[in-house]
Each structure stands twice: as C-alpha cells, then as structure tokens.
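Residue-level listing of the chains:
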Amino acid sequence: MELNAKIPEGPLADKWTNYKGHCRLVNPANKRNLEIIVIGTGLAGASASASLAQLGYQVKAFCFQDSPRRAHSIAAQGGINAAKNYQNDGDSTFRLFYDTMKSGDFRGREANTYRLAEVSGDIIDQCVALGVPFAREYGGLLANRSFGGVQVSRTFYAAGQTGQQLLLGAYSALERQVALGKVTMYSRHEMLDVVIIDGKARGIIARNLVTGKLERHFGHAVVLASGGYGNVFYLSTNAMGSNVTASWKAHKKGAYFANPCFTQIHPTCIPISGDHQSKLTLMSESLRNDGRIWVPKQKGDTRKANQIPEEERDYYLERRYPAFGNLVPRDVASRAAKERCDAGFGVGASRQAVYLDFASAIQRYGKAAAHKAQIHDADAETITRLGKQAITEKYGNLFEMYEKITAENPYEVPMRIYPASHYTMGGLWVDYELMTNVQGLYALGECNYSDHGANRLGASALMQGLADGYFVIPYTIGNYLAGEIRTKPIPTDHPAFDEAEKNVQERLDKLMGIRGKYSVDHFHKALGKIMWNKCGMSRNKQGLQEAIQEVRALREEFWKEVRIPGTQNELNPELEKAGRVADFLELGELLATDALQREESCGAHYREESVTEDGEAKRDDEHFCYVSAWERKEDNHFELHKEPLAFEVVHLTQRNYK
C-alpha cells in the first residue's frame, strides 16, 4: 500500500493556512447527525472531545480510569512549550520548529512539526481562557523557563504540576459538553477492538471493566488518543495502567505502526531501589534549569556528596557540552549518565545514579533575594534561607515528592537521578490530517508518531496533545466526515460487530482458561528486563536478535502458564492487566525488529555499530532517512513500508550541542 502523507502544497509556513482554507466543511445541521468515538481522556482526548462536541458532533468518550481526570497526562510536571517570545530572547515559530526537528535528529515529518510550532501560541491563549493557573512574573505576565535542547526560555508552567492543571482545564471543557448532552462519557471502559466495515473504522468493542460485559458502539469515525507504550519496559515513569492495547488493536486491524524503536529515556528519574518496584518516579526536566549534574572524579568514591570538594567533582555535561551544559536534550543527557556509571563513577548504593545538585542555585537565588530586600552584607545563613525560599516557590512540590520517596532532603543534599523509560515517539502512522492508513481511524497525541522524530524535546508532549485536540482534529476530521453525511448510523448487530465481539470474547475465554502457575506481573517483569537490557539506552545487532527470540519464547510461555484469578464477569484487574501484557508481548517483538532493521543511531535509538569518534549518535541519511511503517501480517510477522522524509527548509546536519 502506498503511503500518502497528504502534505499540502505550497511553502512550509503556508501549508496549514492553505489547508484550512480549502478543506471540506460540515454544516452545523449535519454535524448533529454524525457520531465520533474518542478513546482516551488525557490532554489529546479531552481537548478533542470537548472541541468536537462544541462544534456540534455527537461524541462518545471512553477511558479505563474511574474518572477522565485520572488520565496519565496529569503526571506531567515541567511545562508546555510555545513560541510566544515573551522573554524577548530570540524565540520564534521557526526556532521552535527547528529545535524540535533537530532534537528529533531529523527523523520527523517537516510539515507536521511546523504546524505544531505554528499553533503553539494559540494553545497558551486557549488554556489561559480555560483558567489554567500558569506561573506569572511579578508584573502579571506569564512566566517562562528553559528546557533541554534549546537556548531560549519558552516553557510555560504551573509549578511542578503543569500536566494536572492543563488536564483540569481540558476536563472542565469536556464536562461542560457532558452536561449539555453533547458528550456521552464511558469511564471504566476499555476498548478491545476496532470495527472495520467496507474499509472504514465504524465503531469499537469495549469492555465494561466493572461488570465484565462487552459492549458495541458505532461511530462515523474513531479517534484514538490512548497514549504511549513506555510500559513495555515494565519499569517506567508511566502510570501502571498505561498501555498499548488501543493502538495495538488498531494495528492488528490494518493500521501501520511507525518507528516503534523510537522510545525516549528520561535522564531525571529517581533511581531503582530494588526488584520490588512496580514503577519509577520522574523528577521534572525543569530541575535541570537550576540543578547541576555531576559525579565524583574518583572512581568508586564512597564519600557523601557534601564531603566531596568542588575541585573533585566532574560536571560532565558542562564539560562535554559547554554550549548547552545541563540543558542538552534528553537522549544526550541519558547516554552521558549511563556512560559515567558504566565507567565506574556512579553514586549511591547501586552505583547506578548521578547527582543533581541545587547548592549553587540556592546561593544565586539567595543573593538576588537579599539585594531585592535591600539586605546589604547578608550573612551566609540569610542567603541560604532566602535561596531555599526561592527554590521552593519554583519547585517545591517536586522537592517534597523526592523527600517522601527517598527520605533525603534535596535542599541539603543533592538529588540522585538515573535515566528511565518515559515517552514513546513511535506510534500509529498518520498522515497530515492525523488519519491512519485506515479510513476514518485517527490517532492523536502520544499514540501517533508524527511530530517528534527520534527524540522528543522536553515540554513538547503537552503541546502536541493539545495542538492535536484543540486545533488540528476539528479541521481535519471535518474534511473526512463531509463525505459521510449520507451515512446513517450502522446498527451494532451488523456482522462486522458480531465478528469483532466474537474474537474479543474468544481471547478473554482463552486467557481465563489457561490457569497456569505464574502471575501476569511475572511475565511483564520478564519482558521489561529483556527490553531494557537489549532495547534500552544502547542497542546492538546481537542483543536485538536475542531479544526477538527471547520475547517470542516468553510470549509462548505466557499463553501456557499465566494465571488469572477471579472470573470474567466482574471487576478483575488481573484480567485487564493480562490483556495489556499480551499486547506488550507482541509489540516487544516489533520494537526489537524495528531497532534491528534501523542500522543507524539517531536520537534515542543508539546502535553501538553506528557511533561517532566521540561517542555521539551517528545517523545514516543515505540509507535510513525515512519513517518505518510496519504492517502486521499473520502470526506476528511484519512487513515494512517506508515513508521517505523530504526536507524543504531544514538541512540535514550532524547534531552538535557543544
């Protein structure tokens, strides 16, 4: 099948304007007769549901949580990017676009990425109108801070809980439409299949997680906004419920899965403390604004951090990347931390950690606060006290979180951090309209692949989710639905619904009938170890070949030996988990297959066979300048389709943050 990205004609800066001026529209009377299913109520799903309902469409929104407010977007901490240039420090739409392309190591689609930068400013205005309490400067203007991979301050934030505040804004817009009867909300429902009729997505099969009952729902179009697949690594910064199931069911019904090997490792995570853990906790990238990252210069140094003098500390990011310092992109910072730890300079009991130190920031802010208060010749104690107050205002909840988890006070001793699985740049292949290769099936936010290339710029996940939901899908879905206004709602006793529900029921019966001897978590942990060790921060041909065989063997064992207590027709979290892990066991093979096929290093995909002399990722533009879009065949085999990446504006260069 030919991949048609549907990129509009004309100069890059005019494409979105031209598209909006020429796309087909649906008049208000016809919108009332069209039904749209939205899977997920995070930033992409909630904003899309609210926007589409406000336009007049009938929307059915689904989430597996007990409330749409519990979507994982709520966990985002540091901020949301926008090219407002409030700081007057040289930012622009083009600079945000270029920084995003460069951070993604030139493996993103130019047109989609430029559109993202173009609508970024509108997102902030929209969120302010919804009452999102962004941090403000003394004079009342919205505040900004820096994030990795850029040299300007363009990140808007609400302390260390930006995701929560943005989601509450989108949630309030969503609930208004629920109250008006324009959105029907199905919480505690999980999508377990897409229904395809005559080549078009026409509905879903969902399981009521409270009763266990399977339900059929029709839609003129289906919009997936179900997040990423970072939990394939088991230990990650994602919520335990985050999964690939909705995307994977779409993939098994014909939607191509693109660039699955592009998985982001976040450098600022609380290190693993033992085998008992079920997830990891992120410390916001915003902390790298003021925190300095270092390790002892002496291998195996067992002294406490505060006992190591300044001259015996290696601020390795500042040493290796002087132009960006501690604010290099996430993939670069993560690999640098791994390299230091692997070389024997790690800290903490596990030696798999580095320090994130705020001592100098406390002094800097303290001196500024003393000047502001006209305290001349302030003593050290006063400066430290005022500095801690300033840090608390910016990052207080993050510092509290760290202390609750580690029992260490980060105002007094440096934080210990280490990289962890976080975001996934890969996802369902979509065209410029955010439609998959299946007609009427859309993918928004983290579950599509389109905007971030091989490495996401920090604070751009929230930006993409809201851009897709508030500003892109309301136009692009209309272009499709304008051709569907004569399509009457298809009764859910249609044979395609019968067949889809039958397949879902058979799979549930099969899972419940295994009655093996190992828990679901046993298999998920085993999968996570394979993926982290052989498809994590560093990858090589032999390891990837081994991973494919090991995942296949583990999947075979899962279907023979998994044990699921309880029954089907009740609230059964273990059955929910089992279905999700079964999908991860199929995705894991594709992820390793994609990583094996891509014999280059780019962004977060680091192949040990393709490295520059100084240890940086080395791209191979001659052979791999394309999107890998995988089609699923029988028996978990995959066929590769390539979307060549053409660049009209950016020039392919080796990334340099030095």
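Residues numbered from 1 in each chain as written. Predicted model: local features only at pLDDT ≥ 70, side-chain atom pairs only at ≥ 80, totals over all residues. Heavy atoms only, no water.

Draft legend 1. Local environment of the sheet that holds strand β16 (residues 427-428). Strand order across the open sheet formed by four strands is β16-β10-β18-β19, with antiparallel pairing between neighbours. Lying at the two open borders of the sheet, with one neighbouring strand each, are β16 and β19 (638-644). Looking at chain direction, strand β18 (residues 626-632) and β19 are connected through seven bridges and run antiparallel. By the bridge assignment for β19, Arg 632 is matched with Phe 638. The sheet strands contacting helix α16 (residues 573-597) are β10 (257-258), β18 and β19, and the helix crosses β18 at an angle near 145 degrees. (Pairing = 2+ DSSP bridges. Helix = DSSP H or I, 4+ residues; strand = E, 2+ residues; numbered from the N terminus. Contact = heavy atoms within 4.5 Å. Axes fitted to C-alpha atoms, helices over the stretch in contact; angles between N-to-C directions.)

Draft legend 2. Fine view of the layout of surface pockets. The computed volume of the second largest pocket comes to approximately 810 Å³. As for the second largest pocket, its lining consists of 32 residues, and the residues nearest its centre are Lys 249, Lys 252, Arg 507, Glu 586 and Arg 632. The biggest single contributor to the lining of the second largest pocket is helix α13 (residues 495-514), with seven residues. Taken together, the residues that form the lining of the second largest pocket break down as seven nonpolar, six polar and 19 charged. (1 Å grid on protein atoms, 1.4 Å probe; cavity = no way out; pocket = protein on both sides within 12 Å on 5 of 7 lines; lining within 4 Å. Points joined across faces, edges and corners; volume = space filled by probe spheres on them. Nonpolar A, V, L, I, M, F, W, Y, C, P; charged D, E, K, R; others polar.)

Draft legend 3. Broad picture of the pattern of salt bridges. Taken as a whole and assessed by the stated rule, the structure comprises 57 salt bridges. Across the pair Arg 552 and Glu 589 runs a salt bridge whose closest N-O atoms are separated by 2.8 Å. In this pair, Arg 552 sits in helix α15 (residues 541-561) while Glu 589 sits in helix α16, placing the two residues 37 residues apart along the sequence. Overall, the relative accessible area of 33% leaves Arg 552 in the partly exposed class. The partner of Glu 631 in a salt bridge is Lys 633, and the shortest N-O contact between them spans 3.4 Å. We classify Lys 633 as partly exposed; its relative accessible area is 35%. (Salt bridge = Lys/Arg side-chain N within 4 Å of Asp/Glu carboxyl O. Buried < 20%, exposed > 50% of the residue type's maximum accessible area, 1.4 Å probe, protein only.)

Draft legend 4. Expanded view of the side chain of Ser 421. Relative to the elements of secondary structure, Ser 421 occurs in strand β15 (residues 415-424). Side-chain polar atoms of Ser 421 contact the backbone oxygen of Gly 230, separated by 3.2 Å. The contacts of Ser 421, once residues within four sequence positions are left out, are Gly 230, Phe 233, Leu 235, Ser 236, Thr 237, Gln 264, Ile 265 and Trp 532. (Polar contact = N/O pair within 3.5 Å; in protein donor to acceptor, adjacent residues only side chain to side chain.)

Draft legend 5. Looking closely at the environment of Gly 566. Along the polypeptide, Gly 566 turns up in the loop between α15 and α16. Once the C-alpha coordinates of Gly 566 and Met 512 are considered, the two residues, 54 residues apart in sequence, prove to be 8.7 Å apart. Residues contacting Gly 566, with those up to four places away along its chain left out, are Met 512, Arg 515 and Asn 572.

Draft legend 6. Up close: the pairing of strand β7 (residues 200-208). For β7, the buried fraction is high: eight of the nine residues fall into the buried class. Across eight bridges, the pairing between strand β6 (residues 189-197) and β7 is antiparallel. Bridge assignment links Val 194 to a residue of β7, and that residue is Ile 204. Relative to strand β8 (residues 214-218), β7 is paired through five bridges, and the arrangement is antiparallel. Note on β8: the bridge partner recorded for Gly 203 is Phe 218.

Draft legend 7. Structural context of the domain arrangement of the protein chain. According to the domain assignment, the protein chain consists of domain 1 (268-420) and domain 2 (495-620). On a C-alpha basis, the centroid separation for the pair domain 1 and domain 2 is 34 Å. With 10 residues of domain 1 at the contact, the number on the domain 2 side is 10 residues. With both sides pooled, the region where domain 1 packs onto domain 2 buries about 780 Å², and carbon together with sulfur makes up 57% of that total. If you sort the residues of domain 1 by the area they bury against domain 2, Asp 331, Arg 335 and Lys 338 come out on top, with a joint share of 52%. Taken together, the links from domain 1 to domain 2 amount to one salt bridge. With its nearest N and O atoms 3.1 Å apart, the salt bridge here joins Glu 616 to Arg 320. The set of elements that each furnish at least two residues to the side of domain 1 that touches domain 2 consists of α9 (330-345) and β15. Take the side of domain 1 that touches domain 2: its biggest share by element is four residues, from α9. Here the residues of the side of domain 1 that touches domain 2 are counted per class, giving four nonpolar, one polar and five charged. (Domains from an automatic or database assignment. Buried area = accessible area lost by both parts, 1.4 Å probe.)

Draft legend 8. The nonpolar core, seen in detail. If you look at the biggest cluster of nonpolar residues, it comprises 148 residues, and the most contacted ones within it are Ile 80 and Tyr 442. For Tyr 442, the contacting residues outside a window of four places in its chain are Ala 221, Val 222, Val 223, Leu 224, Glu 433, Leu 434, Met 435, Thr 436, Ile 473, Thr 476, Ile 477 and Tyr 480. Core analysis: the next-biggest nonpolar cluster, separate from the first, contains 33 residues, Val 332, Ala 337, Ile 362 and Tyr 402 among them. (Core = buried A, V, L, I, M, F, W, Y, C linked by side-chain atoms within 4.5 Å.)

Draft legend 9. Local environment of the sheet that holds strand β2 (residues 58-62). Taken in spatial order, the five strands line up as β5-β2-β1-β9-β17 in an open sheet, and their pairing is parallel. This sheet does not close on itself; its edge strands, each paired only once, are β5 (183-186) and β17 (441-443). Mean inter-strand twist for the sheet, computed between neighbouring axes without regard to direction, equals 20 degrees. Of the pairings in the sheet, the one linking β2 to β5 comprises four bridges and is parallel in character. Across the sheet, the residue bridging to Phe 62 is Tyr 186, located in β5. Packing against the sheet, helix α3 (residues 43-55) makes contact with β1 (35-39), β2 and β5, and its axis sits at approximately 165 degrees to β2.

Draft legend 10. Fine view of empty space enclosed by the protein. As enumerated under the stated definition, the model contains four cavities of 30 Å³ or more in all. Of the volumes computed, that of the largest cavity is approximately 80 Å³. For the lining of the largest cavity, the secondary-structure elements that each account for two or more residues are α14 (520-535) and α16. The element that contributes the greatest number of residues to the lining of the largest cavity is α16, accounting for four residues. Per-class residue counts for the lining of the largest cavity are three nonpolar, five polar and three charged.

Draft legend 11. Inspection of the side chain of His 524 at higher detail. Relative to the helices and strands, His 524 resides in helix α14. A polar atom in the side chain of His 524 sits 2.7 Å from the backbone oxygen of Asn 231.

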